[in-house]
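# Tertiary structure, described
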Amino acid sequence: MSVIEVSRPAQRRAEIRDSLPTDHPAVLDQIAALMDTLPDPAELGPDHAAGSLGITAQLRNRFEAYLVGLAGAADNTGAAQILHAGTTGTLVAAATTANPATGSGLVGAARALRNLPHVTEGFNTGRLNWAHVQALRTAAGQIEDFEQIEQALVEIAASVEPGELRRILNLLIGQSQPETLDDDHQAQHAKRALYLSET
């Protein structure tokens, strides 16, 4: 019989998770109790099933935004250092049983959103999902005067899927950085080119 061993880094994160405080606002317990009263999706008719998709996704977005906010609060207060949990990303990963890269990503998002008020508002209200936020925060540093069009981009993002949003953002990035667009075009042309030789 083979023995399955957990890696040392994973053991360390488990130890951190077990050592973390469990205090939290009572409203989270109330929300958890309400979750237990949700009807079984299999028992819903087609209208209620279809009609529940949008609001459920919106609630998911709001919870993800709150989680990012918590990661930001932990970062701002130096919780990882106080609780001897390594970096804030490690703390978040341990607390949420997520991969370290995911924990660091949540902290990075929280830091980026400090300078993106309209994106933050859209995320907090559930109008934007995580993929929208990631696309916008990435583009923010590549589009000139992003802050002047941030609100308009959030309105667009709220009405389209992330793939279409990225297409629009790439167009704007190309307009802000035409030299990058030229380089990409030349690279694509080189890939498609057919070279002939006498040998």
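Details of the structure are given in the entry above.
One structure accompanies this document, and this report is about it.

Rules used throughout
- Every chain is numbered independently, its residues counted from 1 as its sequence is written.
- Only residues with pLDDT of 70 or above have their local features reported here, since the model is predicted, and side-chain atom pairs are shown and tallied only from 80 upward, although totals for entire chains, interfaces and linings are computed over all residues.
- Computation of side-chain values: all heavy atoms of the structure, hydrogens and water removed.
- The term salt bridge refers to a pairing of a side-chain nitrogen on Lys or Arg with a carboxyl oxygen on Asp or Glu at a separation within 4 Å.
- Put simply, DSSP marks the helices as runs of H or I at least four residues long and the strands as runs of E at least two long, and each gets a number from the N terminus on.
- Per-residue accessibility, obtained with a 1.4 Å probe over protein chains only, is compared with the maximum for each type, and a residue is labelled buried under 20%, exposed over 50%, and partly exposed between these values.
- Orientation is described by lines fitted to C-alpha atoms, with helices fitted over the stretch in contact, and by angles between N-to-C directions that extend from 0 to 180 degrees.
- Orientation is classified from the angle alone, with under 35 degrees giving roughly parallel, over 145 giving roughly antiparallel, 65 to 115 giving roughly perpendicular, and any other angle giving oblique.
- Two helices crossing with the near one rotated counterclockwise from the far one by less than a right angle form a left-handed crossing, whereas a clockwise rotation gives a right-handed crossing.
- Contacts were defined at the residue level, with two residues in contact if any of their heavy atoms lie within 4.5 Å.
- When residue character is reported, Ala, Val, Leu, Ile, Met, Phe, Trp, Tyr, Cys and Pro are called nonpolar, Asp, Glu, Lys and Arg charged, and the others, Gly included, polar.

### Overview of the pattern of salt bridges
Under the defined criterion, the tally for this structure stands at 4 salt bridges. Note that arginine 111 and aspartate 75 form a salt bridge whose closest N and O atoms lie 2.8 Å from each other. Of this pair, arginine 111 sits in helix α6 (residues 100-113) while aspartate 75 sits in helix α3 (residues 46-77), and the two are 36 residues apart along the sequence. Classification of arginine 111 by relative accessible area gives partly exposed; the value is 44%. Exposure remark for aspartate 75: the relative accessible area of 17% places this residue in the buried category. Aspartate 75 is paired through a salt bridge with arginine 114; the nearest N and O atoms lie 3.0 Å apart. Remark: arginine 114 occurs in the loop between α6 and α7 (117-124) and aspartate 75 occurs in helix α3; sequence separation between them is 39 residues. Arginine 114 sits in the partly exposed class, given a relative accessible area of 45%.

### What to know about the packing of α7 against helix α9 (residues 146-157)
Orientation of α7 relative to α9, taken along the N-to-C sense of each, is 25°, at an axis distance of 8 Å. Classified by the interaxial angle, the pair formed by α7 and α9 is roughly parallel. Read as a crossing pair, α7 and α9 show a hand that is right-handed. Across the interface between the two elements, Pro117, His118 and Val119 of α7 pack against Glu150, Gln151 and Val154 of α9. For the contact of α7 with α9, the per-class residue count stands at 3 nonpolar, 2 polar and 1 charged.

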